[in-house]
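# Summary of structural features
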Amino acid sequence: MGEKSKSKGCFGWFLVLVLLALVVGAIVYTIKKKTSHSDKPAPVPGPPGAVEKKYAEALKVAMQFFDVQKSGKLVNNKISWRGDSALKDGRDMGLDLTKGMYDAGDHMKFGFPMAFTATVLSWAILEYGDQMDVVDQLQPAQDSLKWITDYLISAHPKENVLIVQVGNPDKDHKCWERPESMAEERPLTQVNTSFPGTEVAAETAAAMASASLVFKKSDSTYSSSLLKHAQQLFNFADNHRGSYSVSIPQVQNFYNSTGYGDELLWAASWLYHATGDHSYLQYVSGKNGKDFANWGSPSWFSWDNKLAGTQVLLSRLSFFSGKDISGNSGLQMYRKTAEAVMCGLLPKSPTATTSRTESGLIWVSEWNSLQHPVASAFLAAVYSDYMLTSRTAELTCDGHSFKPSDLRDFAKDQADYILGNNPLKMSFLVGYGKKYPQYVHHRGASIPADATTGCRDGFKWLDSKKPNPNVAVGGLVGGPFLNETYIDSRNNSMQAEPSTYNGAVIVGLLSSLVTTSSAVQSFT
């Protein structure tokens, strides 16, 4: 009896010790997971790794939308239902504005989002050109970029004059016709010293500065011309501050600007990368940074707000430039804010945004809902690669640690949703997969190529119950509602209209994922 009681007591103490050891082990593991920075960083990636077939195929599809949107006399046209159009654009002012790209499903050339398209496409090429090249998409990307920058150069005939719009949007939207059939007048709208447009001039400067880096090795003369225009436009934007939404009230109904400070910082950041001139670095990290950067406050990257993009772009300097920028407290604030942006995107972060659908898609706006998740995923992929290449092991979010792979997983999740891993089992990238939107809000795609229509009689094609006769291949439509539904209707421009700037961010995202790994390259 005594021996039994003794053995029971020993066994009881043994259980207590085991349980205590488990509790202590769990606490140590949790603390290590939350606070330890001793984990070894992942190996630095080398040349582009194995091709991810899904993303490679999607990239090839997405790249074609730029060809769908081209204006002017087409060269090596790959879209069977497209032809030459807008061949008189700019003629009234003695300018050749025939190139460029139509904005979305209409035939307007809006300079503000078009310039953003060029900047993001340049950034994608600079970061992931080697990956694009592996799947034969680098040359198409460069060709599409140059189609826009050729237009932007022509749209800047004088130092303080920039053409920011071709066409009358009110009249354009009252027509439903193929671009090849347009016969309406297409007036030009400009900003100048009397009617300034800081945000559009600065965004155009960013486009030209970033593109100058893209073409620096292949065409140094063209690159120098782009850089000259970029510097002139930045000076114009900065010295004659004023919103184009005030100077041209009409744009408020289409691409209204919520402020120009972000574009000034964005443009100066690209000019620093393009020139190495430290005055641009001082510009973003000094008073203008304090006035416009909203340090510590994460934001969404879009055609209207460039702050998150600027924060990630300037983080590149703190990751890789070392002594050149050490002690620059302004740049450190950009890095900290970029980290806050990343922490907001990671779904398991304590500071994760709640702006998501039930399936995990970032969701911010009913109109063009896919712009924000795609742009966010692109930034996450870029930041992940900065961390990997610099051997930065972890990102700390309110005491919790995350690895570069966590950011890449987030980027993949957003991309996979768009490509069909969603409740609808439908791809939102037109032409990719077995199921994608058939009633895209796009004039050219909705009208048979051999149809003869004028401005008004083409509306029968808008109202047709038949699917589009032409595929707007590569178009990223607006996207789902918060409840993850999508109404496939040509009259549903909120969800069913693709845009050129959506094309730039999806190309950037897919390019980042097209191979398993790629080391960050120098811009110069």
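Reading the values: the criteria
- Residues numbered from 1 in each chain as written.
- Predicted model: local features only at pLDDT ≥ 70, side-chain atom pairs only at ≥ 80, totals over all residues.
- Heavy atoms only, no water.
- Helix = DSSP H or I, 4+ residues; strand = E, 2+ residues; numbered from the N terminus.
- Rg over C-alpha atoms; globule rule 2.2 N^0.38 Å.
- Buried < 20%, exposed > 50% of the residue type's maximum accessible area, 1.4 Å probe, protein only.
- Contact = heavy atoms within 4.5 Å.
- Pairing = 2+ DSSP bridges.
- Salt bridge = Lys/Arg side-chain N within 4 Å of Asp/Glu carboxyl O.
- Disulfide = S-S within 2.5 Å.
- Expected span 1.5 Å × (residues − 1).
- pLDDT = per-residue confidence, 0-100.
- Phe/Tyr/Trp six-rings, centres within 6.5 Å; stacked < 30°, edge-to-face > 60°.
- Lys NZ or Arg CZ within 6 Å of the ring centre and 35° of its normal.

### A word on the overall build of the protein chain
- Assigned secondary structure in the protein chain consists of 20 helices and 5 strands.
- For 524 residues, the compact-globule estimate of 2.2 N^0.38 gives 24 Å, and the C-alpha radius of gyration of the protein chain, at 25 Å, lies within 12% of that figure.
- Principal axes of the C-alpha set define a box for the protein chain whose edges measure 110 × 55 × 40 Å.
- Buried positions account for 58% of the 524 residues belonging to the protein chain.
- Looking at the protein chain alone, contacts between residues at least 24 apart form 75% of all its contacts between residues at least 6 apart.

### Here's the deal with unusual backbone geometry
- The phi torsion at Asp398 lies on the positive side, around 55°, for a residue other than glycine.
- Note that Asp398 resides in the loop between strand 4 (395–397) and strand 5 (400–402).
- The backbone of Glu484 shows a phi angle near 65°, a positive value even though the residue is not glycine.
- Looking at the element boundaries, Glu484 is found in the loop between helix 18 (459–462) and helix 19 (493–496).
- For Glu484, a relative accessible area of 9% gives the class buried.

### Focus on the pairing of strand 3 (residues 188–191)
- Side chains Thr189 and Val191 of strand 3 all project onto a buried face; the interleaved residues Leu188 and Gln190 project onto a face where none is buried.
- Here strand 2 (residues 162–166) pairs with strand 3 via 4 bridges, running antiparallel. When the sheet's bridge partners are listed, Leu162 is paired in strand 3 with Val191.

### Brief notes about the pattern of salt bridges
- Throughout the structure, instances matching the rule amount to 16 salt bridges.
- For Asp84, the salt bridge is made with Lys73, and the minimal N-O distance between the two is 3.3 Å. Of this pair, Asp84 sits in the loop between helix 3 (65–69) and strand 1 (109–110) while Lys73 sits in the loop between helix 3 and strand 1, and the two are 11 residues apart along the sequence.
- Accessibility expressed as a relative area gives 31% for Asp84, which makes it partly exposed.
- Residues Glu339 and Arg335 are paired through a salt bridge, measuring 3.5 Å at the closest nitrogen-oxygen approach.

### Some thoughts on the state of the cysteines
- Going through the model one piece at a time under the given rule, you end up with 2 disulfides.
- Residue pairing for Cys175: its cysteine sulfur links by disulfide to Cys455, the two sulfurs lying 2.0 Å apart. Handedness of the Cys175-Cys455 disulfide follows from its S-S torsion of about -90°: it is left-handed. One end of the pair, Cys175, is in the loop between helix 6 (169–172) and strand 3; the other, Cys455, is in the loop between helix 17 (443–446) and helix 18, with 280 residues separating them in the sequence.
- Each sulfur of the disulfide joining Cys343 and Cys397 lies 2.0 Å from the other. Disulfide Cys343-Cys397: torsion about the S-S bond near -85°, hence left-handed. Placement of the pair is Cys343 in helix 14 (residues 329–345) and Cys397 in strand 4, with a sequence separation of 54 residues. Exposure class is identical for Cys343 and Cys397. Each is buried.

### Let's talk about the pairing of strand 2
- Most of strand 2 sits inside the fold, with 5 of its 5 residues counted as buried.
- Relative to strand 2, strand 1 runs antiparallel, the two being bridged by 2 bridges. When the bridges of strand 2 are listed, Lys109 appears paired with Val166.

### Quick notes on helix 16 (residues 404–418)
- For helix 16, with 15 residues, the first-to-last C-alpha span of 22 Å sits near the 21 Å given by 1.5 Å per residue.
- Residues of helix 16 that are buried: Pro404, Leu407, Arg408, Phe410, Ala411, Gln414, Ala415, Asp416, Tyr417 and Ile418.
- Close packing links the buried residues of helix 16 with helix 2 (53–63), helix 14, helix 15 (371–389), strand 4, strand 5 and helix 20 (500–513).
- Residue Gly420 follows helix 16 closely and has a positive phi angle near 135°.

### Considerations on the environment of Trp303
- For Trp303, the position within the fold is in the loop between helix 12 (287–292) and helix 13 (307–320).
- Trp303 sits 68 residues away from Gln371 along the chain, and the two C-alpha atoms are 8.9 Å apart.
- Dropping the residues within four chain positions of it, Trp303 is found in contact with Phe112, Phe116, Tyr255, Asn256, Glu263, Gln371 and Tyr501.

### What about the confidence of the model for the protein chain?
- When pLDDT is averaged along the protein chain, the result is 92; 91% of the residues meet or exceed 70.
- Contacts from residues 1–18, a stretch scored under 50 in pLDDT, to residues over four places away or in other chains number 0 contacts.
- Taken together, the stretch residues 26–38 has pLDDT below 50 and engages in 12 contacts with residues farther than four places along the chain or on a different chain.

### Quick notes on the sheet that holds strand 1
- In spatial order, the strands read 1-2-3; together these 3 strands make up an open sheet with antiparallel pairing. With one partner strand each, in any of the chains shown, strand 1 and strand 3 form the two edges of the open sheet.

### Some points on the packing of aromatic side chains
- As enumerated under the stated definition, the model contains 26 aromatic pairs in all.
- Measuring from centroid to centroid gives 5.9 Å for Trp123 and Trp270, while their planes differ by 80°, and the two rings are edge-to-face. With Trp123 in helix 4 (residues 111–134) and Trp270 in helix 10 (residues 261–275), this residue pair connects regions lying 147 residues apart in the sequence.
- Residue class for Trp270 comes out buried when judged on its relative accessible area of 0%.
- With 5.1 Å between their ring centres and 75° between their planes, Phe234 and Tyr283 make a pair best called edge-to-face. Highlighted residues: Phe234 in helix 8 (residues 220–239) and Tyr283 in helix 11 (residues 278–285), separated in sequence by 49 residues.
- With a relative accessible area of 4%, Phe234 lands in the buried category.
- A network of ring pairs unites the aromatic residues Phe110, Phe112, Tyr244, Phe254, Tyr255, Trp303 and Tyr501 as a single cluster.
- Taking the ring centre of Trp147 as reference, the NZ or CZ of Lys99 above it sits at 4.6 Å.
- The residue whose ring lies beneath Arg316 is Phe523, and the NZ or CZ to ring-centre distance is 3.7 Å.

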